[in-house]
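Okay, here's what each chain looks like letter by letter:
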Amino acid sequence: MNRTIQPTAYKCLEDVPATFGPVELAGIMGISRNKAYDLANAPDFPKMRIGRRIVISKKHFVAWLDEKMQAQEPF
């Protein structure tokens, strides 16, 4: 059985859970799942690996995004 998980579009930052994965990242940023996985696998992206699972902290993600926005660096 092949189950496809669709990303949830979040209306505000308070709706985002404290930790999330690349599928939720896609919904937060409004990007595709593939692009979210590419971003999550970038060397400077804040994530933790637990086995094969990627876990992203909302606090560290927001700090990373703010840093990128201030520097005007492309992802």
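Since the model is a prediction, treat every value here as computed from it, not as a measurement. (Residues numbered from 1 in each chain as written. Predicted model: local features only at pLDDT ≥ 70, side-chain atom pairs only at ≥ 80, totals over all residues. Heavy atoms only, no water.)

## Considerations on the packing of aromatic side chains
Both the distance between ring centres and the angle between the ring planes are used here to describe each pair of aromatic rings.
And step 1. Tallying each qualifying case throughout the model produces four aromatic pairs.
And step 2. An angle of 90 degrees between the planes, with centres 5.9 Å apart, marks the rings of Phe20 and Phe61 as edge-to-face. Here Phe20 is found in strand S1 (residues 19–20), whereas its partner Phe61 is found in helix H3 (residues 58–71), with 41 residues between them in sequence. No difference in accessibility class separates Phe20 from Phe61, as the two residues are buried.
And step 3. Grouped by ring-pair contacts, the aromatic residues Phe20, Phe45, Phe61 and Trp64 constitute a single cluster. (Phe/Tyr/Trp six-rings, centres within 6.5 Å; stacked < 30°, edge-to-face > 60°. Helix = DSSP H or I, 4+ residues; strand = E, 2+ residues; numbered from the N terminus. Buried < 20%, exposed > 50% of the residue type's maximum accessible area, 1.4 Å probe, protein only.)

## Overview of the nonpolar core
And step 1. By size, the foremost hydrophobic cluster in this structure holds 13 residues, and its most contacted members are Phe20, Leu25, Phe45, Ile56 and Phe61.
And step 2. Here this core gets three residues from one element, more than from any other, and that element is helix H2 (residues 33–40). (Core = buried A, V, L, I, M, F, W, Y, C linked by side-chain atoms within 4.5 Å.)

## Comments concerning the side chain of Lys68
And step 1. Mapped onto the secondary structure, Lys68 falls in helix H3.
And step 2. For Lys68, a relative accessible area of 8% puts it in the buried group.
And step 3. Side-chain polar atoms of Lys68 contact the side chain of Asp44, separated by 2.7 Å. (Polar contact = N/O pair within 3.5 Å; in protein donor to acceptor, adjacent residues only side chain to side chain.)

## Observations concerning the environment of Met48
And step 1. The residue Met48 is located in strand S2 (residues 48–50) in this model.
And step 2. Overall, the relative accessible area of 46% leaves Met48 in the partly exposed class.
And step 3. Separated by 27 residues in sequence, Met48 and Gly21 place their C-alpha atoms 9.9 Å apart.
And step 4. The residues contacting Met48, other than those within four sequence positions of it, are Arg53, Ile54 and Val55. (Contact = heavy atoms within 4.5 Å.)

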